[in-house]
Amino acid sequence: MWRLPAPLPHAIPFLSLCVAISLPLFDSPPCLFSSPQSDPPRQNLHSVLSKSVLAPPLRSPEATLHFSPNGKYLLLQDASGIAVLSTTPLAIVFYFASDDLYPAQFSADSEQLTAVSRSLSFVTWKLPGGTKVAAGDLLLHSDCLDGQLSPDAQYFACLTPDFKFSLVEISTQKSLFEDSINGPAHFSPGSVRSKTASSFMSFVSLDSDSAFSRPFGVIRTSNPRVSPGRSLSSSSIYFCADSKVLMVNLPRVGFGLDLTARKRFDVSDRFQKMKTGALALQGADRAVVIEEEKDKETKSSIISLKNGRVLASPHFTADRLRLASNPRYIILHTFESGRSGAGAFDLTESRLLDVPHNASMDVFEDLMALYDSGGLVALYRVGDRELLSSLRVPLVALPVLSAASVSPGLEQLAISVGGEGALFQVSNGQRSSTFEKFTAANFSDQRNAILLQANSRHDPPRVLRVDVSNGETSPAWEIPKNVALHSNGPVLLEYSYKPEIITARWDFEVPEAQTPFRLRALDPASGKELWKRDFGANAPTPFADPQGDRLVLGWKAKSWDAKEAASRNPAVKLIYKNAKLTDQDSFFEALDVRTGKSLGGILVQVGSGPISFDSAFSVGDTMILVKDSVRISLFSLADGQLKARLVGVGPSVSAESKLLALDLESGRLGIYDSNSGVKLQQFIFPDSIAYTRFSADGKRLFLLTEHQATFILDVSKVREAHTENPAAEGKN
């Protein structure tokens, strides 16, 4: 087995290298994408106890790499953004940071690059300089459950939550084709459909991997919505390389579209049994596919699009397929435990290419490009092991954190992004262990960490015990089947539900509601049950907080359970008595996550019910609610009153010091009194902030930046500093 070139020593600190390359190379509309400041912000750092840079840094191996139509450029896209590289010489010519893009595409002449955001805005740049030549909003009536740009970037195809398919022309932003999909047969990834309900009732998961407080569970809805779980590479829309034909393939629903005639045509029912991503269109009437047999064995075939007839039977295995830039080759992606990666199969000679292990690859003519999870891009000739050139892509932005945890004394850091996770020593930034992606981390003691590893296509989720001194792992306990586990500080929350028990027709008149479920709190180290509770009709929306020791339940304020919980607090009971409740009002209840005991709650008469909130968590006397990602409200549990409104992202709170840390963006960090919302101090970093966490005693604050630099700040005297300089409160 041969390998990609070994990484060079980290002679240049990653922070300085990445700040330099993240300066904007183009002018982009602020309403479309967020971009770094053109000038680094003035630093205002003080009370810094330590700082380090994570090495080697954590990158997401979930990336795509492909050549431009003329082979002059390479496009590398991952969860943090897109980079365009010239192939002769191998060098970065353009970078754009964004974690919210559909797969970008070159124009047919390779002179331009187009990207579409999840908010359905688009931008087109001229290469190589990155000058913006077009931008706008696609005229669609809804969000997209699934969307794809055509290979020539002329069209954008969208599947909407209300079961419609639309094809939009990028240059005019006009819809060229619209058609209804058979609603009862269609459901989005992560969703299930009722066996008893109306065809317009769906069950959608609220689950999303995050290091911050998020709602979870399954809701039933008559107003289809986009699930928060999104993947860069998982799509049910497939284009031919020449953009003349596309195919939509969903469970029990599939059709083709002739883009030249703009006419829909039927495809073989054989495709509808295939998993998402397990096919690639080789031409107007040919598809390379992976089919799963009854014994779960897979077979590969080339079949006719319209009648399903087998045209050829190449022998390979894969979980996801993609046609290479040279259509002689098919790119194979596998997701086996510990061995995920990409390979290539020669369809002409019916053989696998001998390639080093990599995360993504492509072939143009006889030129082969490979990318590994360490950030290295390498070029070879097909069949030749001699390296032509290589380049390590500078670390530009940290992908969205799937999980993050810091030991109580701030000695150890565990972080995970799409596809990979790691443990680091905070004092020197050195990586001590590397793992597959995990969705929860808990430092059970000074020697051990407990990791919840995410399920993959081949492997169920696992709970691992990790010796932080040497990285050795062992199974902690077995996870029950048909449950979902969520991180909530010192416990793991086990969620399970049965949609078939919902049979009352009148229940479905409610546009959106939680399904009945059972919640169990489990000890992360042993799996021992700490408490359990069943929620039936009018079930609440639960919010897990990976940083805290409380669970928040968001009730519909008119429900009997909400009124009962409120009655235990005299102040809130009085508020309830005097309030004119509507169906949009919410009651948020805080529970001790170790015991399940209620600690109080607040009545909120804004929003559209608890499901409309992005985040809800409680620390000390404070309930913190987040809407629209940046609107933060602080309520008192003692009297139920609103104490402050703030604007920022990623709040973290200490119960001991009653301090709140808030990312004010552009590298600014605000420290507030968590009870009153008064601003006590501000720090300004040379980089954007990714994550913060207080020490157990609340006297120190850990901070991780987007370019994976860590800081520990002394915040034990911020109140004294504020008293000496009241003007420091300023404005948020």
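Refer to the structure printed above.
**Section: the overall build of the protein chain**
1) Next: For the protein chain, the helix and strand inventory stands at four helices and 61 strands.
2) Next: Within the protein chain, the fraction of its 732 residues that count as buried is 55%.
3) Next: Within the protein chain, counting contacts between residues at least 6 apart in sequence, those at least 24 apart form 48% of the total.
4) Next: With an accessible surface of roughly 31200 Å², the protein chain has 49% of that area assigned to carbon and sulfur atoms.

**Focus: empty space enclosed by the protein**
1) Next: If you walk through the whole model with that rule in mind, you get four cavities of 30 Å³ or more.
2) Next: Lining the largest cavity are 18 residues, with Arg59, Asp78, Ser80, Val393 and Pro394 positioned closest to its centre.
3) Next: For the lining of the largest cavity, the secondary-structure elements that each account for two or more residues are β3 (73-78) and β4 (81-87).
4) Next: Residues of the lining of the largest cavity, tallied by class, amount to twelve nonpolar, four polar and two charged.

**Thoughts on the nonpolar core**
Soluble globular proteins: nonpolar side chains tend toward being buried together.
1) Next: If you look at the biggest cluster of nonpolar residues, it comprises 27 residues, and the most contacted ones within it are Phe216, Leu493, Leu519, Phe535, Leu551, Tyr576 and Phe587.
2) Next: Put simply, the parts of the chain that give this core at least two residues each are β43 (491-497), β45 (517-522), β46 (529-535), β48 (550-556), α2 (560-567), α3 (570-578) and β49 (586-592).
3) Next: Those residues within four positions of Leu519 in sequence are excluded, and the remaining contacts are Phe216, Leu493, Glu494, Tyr495, Trp531, Lys532, Arg533, Phe535 and Leu551.

**Details of the pattern of salt bridges**
1) Next: Tallied over the entire structure, the rule returns 21 salt bridges.
2) Next: Here Asp673 makes a salt bridge to Arg719, at a shortest N to O gap of 2.6 Å. Here Arg719 lies in helix α4 (residues 718-724) and Asp673 lies in strand β57 (residues 668-673), a separation of 46 residues in the sequence.
3) Next: Take Asp673: its relative accessible area is 14%, and that puts it in the buried class.
4) Next: Taken together, the shared-partner salt bridges connect Arg328, Asp346, Glu349 and Arg351 into one network.

**A word on the side chain of Ser107**
1) Next: The residue Ser107 is located in the loop between β6 (105-106) and β7 (112-116) in this model.
2) Next: Of the polar contacts made by the side chain of Ser107, one reaches the side chain of Asp109; its length is 2.6 Å.
3) Next: Ser107 has contacts with Pro69, Gln112 and Asp152, leaving out every residue within four places of it along the chain.

**Looking at the pairing of strand β56 (residues 659-665)**
1) Next: β56 sits mainly inside the fold: six of its seven residues count as buried.
2) Next: Inspection of the sheet shows strand β55 (residues 649-654) paired to β56 by four bridges, in the antiparallel sense. By the bridge assignment for β56, Val649 is matched with Asp663.
3) Next: Where β55 hands over to β56, the hairpin turn is made up of four residues, of which Lys658 adopts a positive phi near 55°.

**Description of the sheet that holds strand β51 (residues 615-619)**
1) Next: Overall, antiparallel pairing links the four strands, which are arranged β51-β52-β53-β54 in an open sheet. The open sheet has two free edges, formed respectively by β51 and β54 (642-647), since each of these has just one partner strand. Each adjacent strand pair in this sheet contributes to an overall mean axis angle of 20°, direction not counted.

Cut-offs and rules
Residues numbered from 1 in each chain as written. Predicted model: local features only at pLDDT ≥ 70, side-chain atom pairs only at ≥ 80, totals over all residues. Heavy atoms only, no water. Helix = DSSP H or I, 4+ residues; strand = E, 2+ residues; numbered from the N terminus. Buried < 20%, exposed > 50% of the residue type's maximum accessible area, 1.4 Å probe, protein only. Contact = heavy atoms within 4.5 Å. Areas by Shrake-Rupley, 256 points an atom, 1.4 Å probe, with all protein chains shown as cover. 1 Å grid on protein atoms, 1.4 Å probe; cavity = no way out; pocket = protein on both sides within 12 Å on 5 of 7 lines; lining within 4 Å. Points joined across faces, edges and corners; volume = space filled by probe spheres on them. Nonpolar A, V, L, I, M, F, W, Y, C, P; charged D, E, K, R; others polar. Core = buried A, V, L, I, M, F, W, Y, C linked by side-chain atoms within 4.5 Å. Salt bridge = Lys/Arg side-chain N within 4 Å of Asp/Glu carboxyl O. Polar contact = N/O pair within 3.5 Å; in protein donor to acceptor, adjacent residues only side chain to side chain. Pairing = 2+ DSSP bridges. Axes fitted to C-alpha atoms, helices over the stretch in contact; angles between N-to-C directions.

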